[in-house]
Each structure stands twice: as structure tokens, then as C-alpha cells.
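Remarks on the overall topology
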Amino acid sequence: QAQEESGLKFLPAMRAESTGIDDGDVLILIMDYLKRKQLMSTMCTLEEETGVQAQEEIEELKTLKELVLKGKWEEAESFLQMVEPTAKQQYDQALFVLRKQMFMELLDEGDKRPELGELVQVLKGLEELCDKAEFKELCFFLTLTDIRQQPEFKHWTATGGRYAAYDSMSGILTPLFSSPGAAPAARRPEGPCRLEVVLSRGVRHQADSIGAPHGFEGPLLRDATPDDVARWGGAPPR
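Residues numbered from 1 in each chain as written. Predicted model: local features only at pLDDT ≥ 70, side-chain atom pairs only at ≥ 80, totals over all residues. Heavy atoms only, no water.

1. Some remarks on the packing of aromatic side chains
With the rule as written, the count across this model stands at one aromatic pair. With a centroid separation of 5.2 Å and 75° between ring planes, the pair formed by F141 and F153 is classed as edge-to-face. One end of the pair, F141, is in helix α9 (residues 132–141); the other, F153, is in the loop between α9 and α10 (158–177), and 12 residues separate them in sequence. When its relative accessible area of 11% is taken as the criterion, F153 is described as buried. (Phe/Tyr/Trp six-rings, centres within 6.5 Å; stacked < 30°, edge-to-face > 60°. Helix = DSSP H or I, 4+ residues; strand = E, 2+ residues; numbered from the N terminus. Buried < 20%, exposed > 50% of the residue type's maximum accessible area, 1.4 Å probe, protein only.)

2. What about the nonpolar core?
Where a protein is soluble and globular, its nonpolar side chains tend to be buried together. In terms of nonpolar packing, the biggest core is built from 39 residues, with L64, L80, F103, M104, M169 and L173 touching the most fellow members. Those elements that place two or more of their residues in this core are α5 (59–69), α6 (73–80), α7 (88–107), α8 (116–127), α9 and α10. With 11 residues, α7 is the single largest residue contributor to this core. Apart from the residues within four sequence positions on either side, M104 is in contact with F141, I147, F153 and W156. (Core = buried A, V, L, I, M, F, W, Y, C linked by side-chain atoms within 4.5 Å. Contact = heavy atoms within 4.5 Å.)

3. Brief notes about the packing of α5 against α10
At a closest axis distance of 10 Å, the pairing of α5 and α10 adopts a crossing angle of 160°. Comparing their axes, α10 and α5 come out roughly antiparallel. Remark: the crossing between α5 and α10 carries right-handed chirality. Along its contact with α5, which presents E60, L61, L64, K65, V68 and L69, the element α10 presents R162, Y163, Y166, M169, S170, L173, T174 and F177. Residue classes in the contact of α5 with α10 are distributed as nine nonpolar, two polar and three charged. (Axes fitted to C-alpha atoms, helices over the stretch in contact; angles between N-to-C directions. Parallel < 35°, antiparallel > 145°, perpendicular 65-115°, else oblique. Left-handed = near helix turned anticlockwise from the far one by under 90°. Nonpolar A, V, L, I, M, F, W, Y, C, P; charged D, E, K, R; others polar.)

4. With respect to the pattern of salt bridges
Where charged atoms from two side chains of opposite charge come close, those side chains can pair. Considering all chains together, one arrives at seven salt bridges under this definition. Residue R148 pairs with D146 through a salt bridge whose shortest N-O separation is 3.1 Å. What you see here is one network of salt bridges that share partners, running through D108, D146 and R148. (Salt bridge = Lys/Arg side-chain N within 4 Å of Asp/Glu carboxyl O.)

5. Here's the deal with helix α3 (residues 23–36)
The first and last C-alpha atoms of α3 sit 20 Å apart over 14 residues, in line with the 20 Å expected at 1.5 Å per residue. Within the sequence span of α3, burial applies to G24, L27, I28, L29, M31, D32 and L34. With its phi angle positive at about 65°, Q38 sits one or two positions after the end of α3. (Expected span 1.5 Å × (residues − 1).)

Shown next, in the form of C-alpha cells:
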């Protein structure tokens, strides 16, 4: 009866210990997929719960990442102040990214959106950090009832925005903490759609192992039945 409920029940089992695949690599593939699909909340939760990062971070910036992802703006600004004396340009760039994210989140608070005067005060803290064109664009957002009316923000979320903001800040600040010529090792899959490619190959391998004809792969061979396997010359694992 169990075999009749799901065609997957009788497909050749692939035991984790025999695949030679590291759990961390599997998680990175999944996080890469989630990021491409803009499922940032899920990706960040996966990072937090597993302790595996989608990209290796230098030790000095791990605290900043945690602060930004949790929306602790004042603490994040305090963290940035340690680079101001020696790298004013990078400090200003990173501070702009941070304050812009805070501003966008204030605009996205719906019924709890602050009064115009408070938003203007936040804008003043951005004006000195950007050029006139960027500041004009930020002012324009005040006229929108929903920031997603802007095409480039159509799929914007607070969590996704925070992750993107940290990515940008990391790119600005990492050279300040790295040795000359050194770069952090990125734990990201090489090539596009890596998870889909790996799954497709795995499904094809299972199909071949039970003698399934090409073209019958389906989502995960769900439509295969024990009779199909027998007809193709394969057999359920004992």
C-alpha cells in the first residue's frame, strides 16, 4: 500500500552517506536558489538556523551583518564609525546605504508610516551623503503611497532590502579589512541555476536506474508506478 501511495517509494534509495555531498554545499545550493527567487526571509532564516552562510564573511563584518539584518540601525551606525577616521569616503558610502534602507522601511510601514516631518528629517541625514540625482529620487518616494509602484522596487521586501544593503556595504568595507590582494572566499555555487541542474541530473540518474525512457522524468518521477518499472526492466530496491 505504501508503494501505491507514492511512486517515489520504490525508486532506488540514495543514502546521504554514500553521495559524498557535504551538507554545507547542499545548503548553499538551496540558499542560492532562494536568493534568485527573491525569497530572502526564508534564506536568512536558513542561514540563522543552520549557521551556514551563503557567502563567507570576514570576521570583522559579521557583527555588522547581524545588526543590519535585525534592523538595529543605531548600533549599525555606531559600528561604522570605527572606519570613519581612516576611510571617510567608504564610511559615507556605507552610511548612505544603511540610512537609505532605514528610510525605505519607514516608507513601507503602511498605517504606521511616520508623519511627513519625520520623514523629511531622515532625508536630511541622507542629503549630504549622495548626489543631487540620488537625493531627488529619494524625495520622489515621498509622493508614493507604495514604494512598489516604482518598477525596480516591485518585489521589494524589508528583509530582501536589508540583505541587499548589507551586500552593498560589505563590498564597500571588505577591502578595508583585507590584506592587499586577498579576497574572502565566496561560498556560492558556480554558474546559474545550479540547484536545478543538480536536481535534473539526479532525476535522470534515477530514471536510468529503473530503465525509464527519456521523456518520462516528470517532476520527480512521481507518475511512475510499479508496473512501469517492471515494464521498463527495472526493479524496486530490496
